[in-house]
Amino acid sequence: METNKRKIWGWLQPMIIGILLAFVIRSFIIIPIVVEGASMNTTLLDQDRMIVNKMDEPERFDIVVFHATKTEDYIKRVIGLPGDKVEYKNDILYINGKAYAEPYLDKQKTSVVGSLTPDFTLMDTPVKQLTVPEGELFVMGDNRRYSKDSRQIGSIPIDEVVGTTNIVYWPVKEMKIIKKQH
């Protein structure tokens, strides 16, 4: 009888440890997500599967997942950090008066007529301030003409950010690590 209990415990112990590890990893470290929609084209495509790092602090140009509503998460790129003055003029991003290149938009810019990103300042968005509020981020989709982002919904509280993501693991032929832009 004692031998059977040891055998059962020998099988149960690794299973319990595995379940606990999976719970801890998924709750505090990484989670899988599925990209839904075209707002991040051409960087990310609809139905791409990615890994979200819940421990990473978002930086400018990182791709983040955040709670847009109680039931819906969005995936967008961080453009403005707290205190930043963000504006677009002639399809060029200016942050605090300095022009920034956005190489992740190059492919799209060659395929559109006119500007990819219409001119705006933060005063033209729901932010209605000169700078991104403290504790918030200004985010935009890479598919600028077809993205519901901070230009429409306003800046997002940093505490609504689930994490950053840059690893596409599915589909296998599209597997990639998206380089950080600085």
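Once a new chain begins, its residue numbering starts again from 1 and follows that chain's sequence as written. It should be noted that, the model being predicted, local features are given only for residues of pLDDT at least 70 and side-chain atom pairs only at 80 or more, the latter also being counted only at that level, while totals for whole chains, interfaces and linings use all residues. Excluding hydrogens and water, the side-chain figures rest on all heavy atoms present in the structure.

Q: Outline the overall build of the protein, listing residues and values.
A: Secondary structure summary: the protein contains three helices and twelve strands in total. The reference for a compact globule is 2.2 Å times residues^0.38; the radius of gyration itself is calculated from the C-alpha atoms. For 182 residues, the compact-globule estimate of 2.2 N^0.38 gives 16 Å, and the protein exceeds it by more than 25% at 21 Å. If one aligns the C-alpha atoms of the protein with their principal axes, the spans along those axes are about 80 × 35 × 30 Å. Note on classification: 1.4 Å probe, protein chains only; a residue is buried when its accessible area is under 20% of the maximum for its type, exposed when over 50%, partly exposed between these limits. Within the protein, the proportion of its 182 residues that are buried is 36%. Within the protein, contacts between residues at least 6 apart in sequence are counted, and of these 60% link residues at least 24 apart. Each accessible area value is a Shrake-Rupley result obtained with a 1.4 Å probe; residue values ignore everything except the protein chains displayed when judging cover. Put simply, the protein shows about 11,000 Å² of open surface, and 59% of that area lies on carbon and sulfur atoms. The charged-residue count follows a simple rule in which Lys and Arg add positive charge and Asp and Glu add negative charge, with His and chain termini not counted at all. Each charge is placed at NZ for Lys, CZ for Arg, CG for Asp and CD for Glu. Separation between the mean location of the 24 positive side-chain charges and that of the 24 negative ones in the protein comes to 5 Å. Under the scheme used here, helices are H or I runs from DSSP no shorter than 4 residues and strands are E runs no shorter than 2 residues, and both carry numbers assigned from the N terminus. A contact between two residues is defined here by any heavy atoms of the two lying within 4.5 Å.

Q: Give a description of a negative patch on the surface that names residues and reports values.
A: Patch membership requires over 30% relative accessible area and the absence of a salt bridge. Like charges are linked within 9 Å, and nonpolar side chains (Val, Leu, Ile, Met, Phe, Trp, Tyr) within 5 Å. By convention in these notes, a salt bridge is any Lys or Arg side-chain nitrogen within 4 Å of a carboxyl oxygen on Asp or Glu. Taken together, the side chains of E36, D46, E72 and D73 define an acidic patch exposed on the protein surface. As for its placement among the helices and strands, D73 is situated in strand 4 (residues 73-80). For D73, a relative accessible area of 43% puts it in the partly exposed group.

Q: Got a sec to walk through the nonpolar core? Specific residues and values, please.
A: The nonpolar side chains of a soluble globular protein tend to be buried, and buried together. Counting residues in hydrophobic clusters, the biggest one holds 15 residues, and the most contacted among them are I79, V86, L93 and F138. Of all the secondary-structure elements, those providing two or more residues to this core are strand 5 (86-89), strand 6 (92-95) and strand 9 (136-140). Contact partners of I79, with chain neighbours within four places excluded, come to R60, F61, D84, V86, L93, I95, E102, Y104, F138, V139, M140 and R144. Put simply, a nonpolar core is a bunch of buried Ala, Val, Leu, Ile, Met, Phe, Trp, Tyr and Cys residues held in one set by side-chain atoms that sit within 4.5 Å of each other. With 13 residues, the next largest nonpolar core counts I31, I33, M40 and V65 among its residues.

Q: Could you give an account of the side chain of D91, naming the residues involved and the relevant values?
A: By the element assignment, D91 lies in the loop between strand 5 and strand 6. Nearest to the buried, unbridged D91 among oppositely charged side chains is K109, at 4.3 Å. Excluding residues within four positions of it along the chain, D91 makes contact with K109, S115, L116, T117 and D119.

Q: How would you sum up the confidence of the model for the protein? Please name residues and give values.
A: Scored from 0 to 100, pLDDT reflects the predictor's confidence in each residue. Confidence in the prediction of the protein, expressed as mean pLDDT, is 89, and 96% of residues score 70 or more. For the protein, helix 1 (residues 2-28) is the element with the lowest average pLDDT, namely 74, and strand 9 is the one with the highest, namely 98.

Q: Could you give an account of unusual backbone geometry, with specific residues and numbers?
A: Backbone torsion omega between N41 and T42 reads 5 degrees, so that peptide bond is classified as cis. Mapping T42 onto the fold places it in the loop between strand 1 (30-34) and strand 2 (49-53). Cis geometry marks the peptide bond from W170 to P171; its omega dihedral reads 5 degrees. Backbone geometry places F61, a non-glycine residue, at a positive phi of 75 degrees.

Q: So what's going on with the layout of surface pockets? Which residues, and what values?
A: If a probe as big as a water molecule is rolled over the atoms, it shows which places are left empty. Considering only enclosed or pocket space, the largest pocket measures out at about 290 Å³ in volume. Residues are said to line a cavity or pocket when one of their atoms sits within 4 Å of a point; the points come from a 1 Å grid over protein atoms alone, cavities being sets where a 1.4 Å probe fits but cannot get out and pockets being open sets with protein on both sides within 12 Å along at least five of seven lines. Looking at the largest pocket, the residues that line it are I33, V34, V35, E36, S39, V65, E72, D73, Y74, I75, K76 and K148. The set of elements that each furnish at least two residues to the lining of the largest pocket consists of strand 1 and strand 4. Of the residues forming the lining of the largest pocket, the biggest block, four residues, is contributed by strand 4. The residue makeup of the lining of the largest pocket, split by class, is six nonpolar, one polar and five charged. Here the second largest pocket is characterised by a volume of approximately 210 Å³. Taken together, T42, T43, L45, D48, R77, P103, Y104, K107, E174, K176, I178 and Q181 make up the full set of residues lining the second largest pocket. Think of it as three bins: nonpolar holds Ala, Val, Leu, Ile, Met, Phe, Trp, Tyr, Cys and Pro, charged holds Asp, Glu, Lys and Arg, and polar takes everything else, Gly as well. For the lining of the second largest pocket, the per-class residue count stands at four nonpolar, three polar and five charged. Grid points are joined across faces, edges and corners, and a volume is the space filled by probe spheres set on the points.

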